[in-house]
Amino acid sequence: MRAVWWAAMAAAMMAGEEAGAFNVPMRGAGIRPSFLSSSSSSLRSPVSQFSPRSERRRFLGASMVASGTRKEHEPTAMDWEELGKKPWGSIETSFMTVCKTEGAGWGKAEVKPYGPLEISPRAGVLNYGQGVFEGMKAQRTEDGRIVIFRPDKNARRVRYGCERLCMPPVPEDTFVESIKSCVLANANWVPPCGKGSLYIRPLIIGTGPILGLAPAPSYTFLVYVSPVGSYFKGNQLSPIKLKIEHAYSRAAKGGSGGIKAVGNYAASLLPQTIAKKEGFDNVIYLDASEQKYLEEVGTSNIFVVKGKKIYTPALKGGGDPMDTILEGVTRDSVIQVAKDAGYEVVEDRVPFTLLKEADEAFTVGTAVVVSPIGAVTYKGETWSWKFEEGAGPATSKIYSTLTGIQTGKVPDPYGWTVYLD
């Protein structure tokens, strides 16, 4: 019945007078469509009051709820016990947010039914890879509220990513409000607390036609979402096996390794595929020039623990062309949490040989959160760590603190969490 209802709703909206789009004015105080008066105080039943306009009120008006969990936001989209059985990121949801350039700037964002994009074969992103993306998550607190994590950091990172690829930066308020609108439109797809999260994928791509090598004439910013469980097999703290890659490099100084350019990841597929065939979960890349120093895991930043010191590769940030690793939002958060837990965090060039004498090691990122490393192999030599709970004490402490903040289980002294309802 739910699938039928969604299909009927999408069809009705597409037949509506505004071609199925929710026109969303971007305002610093939040999303407030013009067709909602300031006196609106309740959200109507999606069945009894069904119409394109009433559905727009249902999904966009939800952003004005000051606190508590609205019935319309309940996690009713699927059987959440089935989530872990699905390939990560394979579930399509109901809505996406789309915004396009108009002249020299960006137009209004619109929440539309999720579906294919119409794009020219000459689009800049198809021919020359002119595009950047982000990764974020929405989660539920124990009392059922929906929360996102540090969206301002993603907005900043995507800005300098756009600048590096000669694309018009998306204004921070447009970026953040588009994230909020997409999550709230898909609120039923946010898993219950402890059952997973709603992965958020913002994309900025050159969609205008351009065959000559030059910036595209126009661009599209879109946001879509997918409910996900643990990125690696097992539970979130299941140790992973990594291979230190010595034949392939991820990035070099002066390149685009410090931004989330779409092209950065295509080249990593081959070494990752080879590693998985050999029984590893992913690879650790070394610096391109000397092949001596840790850089990144294929999907995340890396940390190495020795006593009360935690080492991680250094970066300058802000899109500096000398950066070869990503300025991860989770990385920045882990550094702060670790310092406040009494660890000395050393950001420097980290020789991969430090892993031989490390007490523990872990990777961090939006998708993987914090994942303990159980074993690392370099040219046939393996170094491993075994802990009764799967993760060492530093990894466990950082994981529990960070995820506690993200889900409202522990206080957030940093102001990182943003509640949507």
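In this text, all values refer to a predicted model and were calculated from it rather than measured experimentally.

**Comments concerning the confidence of the model for the protein chain**
Atomic detail in the predicted coordinates should be set aside for any region of low pLDDT.
Reasoning step 1: Of all residues in the protein chain, 83% have pLDDT values of 70 or greater, and the mean over the chain is 86.
Reasoning step 2: In this model, residues 1–68 is a region of pLDDT below 50 whose contacts with residues beyond four sequence positions or in other chains number 127 contacts.

**Remarks on the environment of Lys276**
Reasoning step 1: For Lys276, the position within the fold is in helix H7 (residues 269–277).
Reasoning step 2: For the pair Lys276 and Lys243, spaced 33 residues apart in sequence, the C-alpha separation works out to 9.3 Å.

**Considerations on unusual backbone geometry**
Reasoning step 1: Positive phi outside glycine occurs at Gln291, with the angle close to 55°.
Reasoning step 2: Looking at the element boundaries, Gln291 is found in the loop between strand S11 (282–286) and strand S12 (294–297).

**Some points on the layout of surface pockets**
Reasoning step 1: Taken as a whole, the largest pocket encloses approximately 750 Å³ of empty space.
Reasoning step 2: Together, 40 residues line the largest pocket, and Lys137, Gly196, Ser197, Gln236 and Val369 are the ones closest to its centre.
Reasoning step 3: Taken as a whole, the second largest pocket encloses approximately 570 Å³ of empty space.
Reasoning step 4: Forming the walls of the second largest pocket are 28 residues, and the residues nearest its centre are Phe133, Arg201, Lys260, Tyr265 and Thr299.

**Quick word on the side chain of Thr324**
Reasoning step 1: Mapping Thr324 onto the fold places it in the loop between strand S14 (309–313) and helix H8 (329–340).
Reasoning step 2: A residue is classified by how much of its surface remains accessible, and Thr324, at 11% relative accessible area, is buried.
Reasoning step 3: Here the side chain of Thr324 touches Glu295 through a polar contact of 2.9 Å, side chain to side chain.
Reasoning step 4: With near-sequence residues (within four places) excluded, Thr324 lies in contact with Arg250, Ala251, Ala252, Lys253, Gly257 and Glu295.

**What about the nonpolar core?**
Reasoning step 1: Core analysis: the largest hydrophobic core is formed by 41 residues, its most contacted members being Phe175, Ile179, Val183, Ile200, Ile204 and Phe221.
Reasoning step 2: When residues of this core are traced back to their parent elements, those giving at least two are strand S6 (136–140), strand S7 (146–149), helix H4 (151–164), helix H5 (172–185), strand S8 (197–206) and strand S9 (219–228).
Reasoning step 3: Contact partners of Ile179, with chain neighbours within four places excluded, come to Met136, Ile148, Ile200, Pro202 and Val223.
Reasoning step 4: Of all hydrophobic cores here, the second largest spans 24 residues; its members include Leu286, Val297, Leu355 and Trp383.

**A closer look at the packing of aromatic side chains**
In this description, a pair of aromatic rings is defined by centroid distance and the angle of the planes.
Reasoning step 1: Considering all chains together, one arrives at 12 aromatic pairs under this definition.
Reasoning step 2: Ring centres 4.5 Å apart and planes at 45° place the aromatic pair Phe352 and Tyr378 in the tilted group. Taken together, the residues Phe352 in the loop between strand S15 (344–348) and strand S16 (360–365) and Tyr378 in strand S17 (residues 369–378) connect sequence positions 26 residues apart.
Reasoning step 3: On the basis of relative accessibility, which here comes to 10%, the residue Phe352 falls in the buried class.
Reasoning step 4: Owing to a relative accessible area of 16%, Tyr378 belongs among the buried residues under this scheme.
Reasoning step 5: When the ring centre of Phe280 is taken as origin, the NZ or CZ atom of Lys241, which lies over that ring, is 5.8 Å away.
Reasoning step 6: Its guanidinium or amino end placed over the ring of Tyr293, Arg349 lies 3.9 Å from that ring's centre, counting from NZ or CZ.

Quick notes on the rules
- Residues numbered from 1 in each chain as written.
- Predicted model: local features only at pLDDT ≥ 70, side-chain atom pairs only at ≥ 80, totals over all residues.
- Heavy atoms only, no water.
- pLDDT = per-residue confidence, 0-100.
- Contact = heavy atoms within 4.5 Å.
- Helix = DSSP H or I, 4+ residues; strand = E, 2+ residues; numbered from the N terminus.
- 1 Å grid on protein atoms, 1.4 Å probe; cavity = no way out; pocket = protein on both sides within 12 Å on 5 of 7 lines; lining within 4 Å.
- Points joined across faces, edges and corners; volume = space filled by probe spheres on them.
- Buried < 20%, exposed > 50% of the residue type's maximum accessible area, 1.4 Å probe, protein only.
- Polar contact = N/O pair within 3.5 Å; in protein donor to acceptor, adjacent residues only side chain to side chain.
- Core = buried A, V, L, I, M, F, W, Y, C linked by side-chain atoms within 4.5 Å.
- Phe/Tyr/Trp six-rings, centres within 6.5 Å; stacked < 30°, edge-to-face > 60°.
- Lys NZ or Arg CZ within 6 Å of the ring centre and 35° of its normal.

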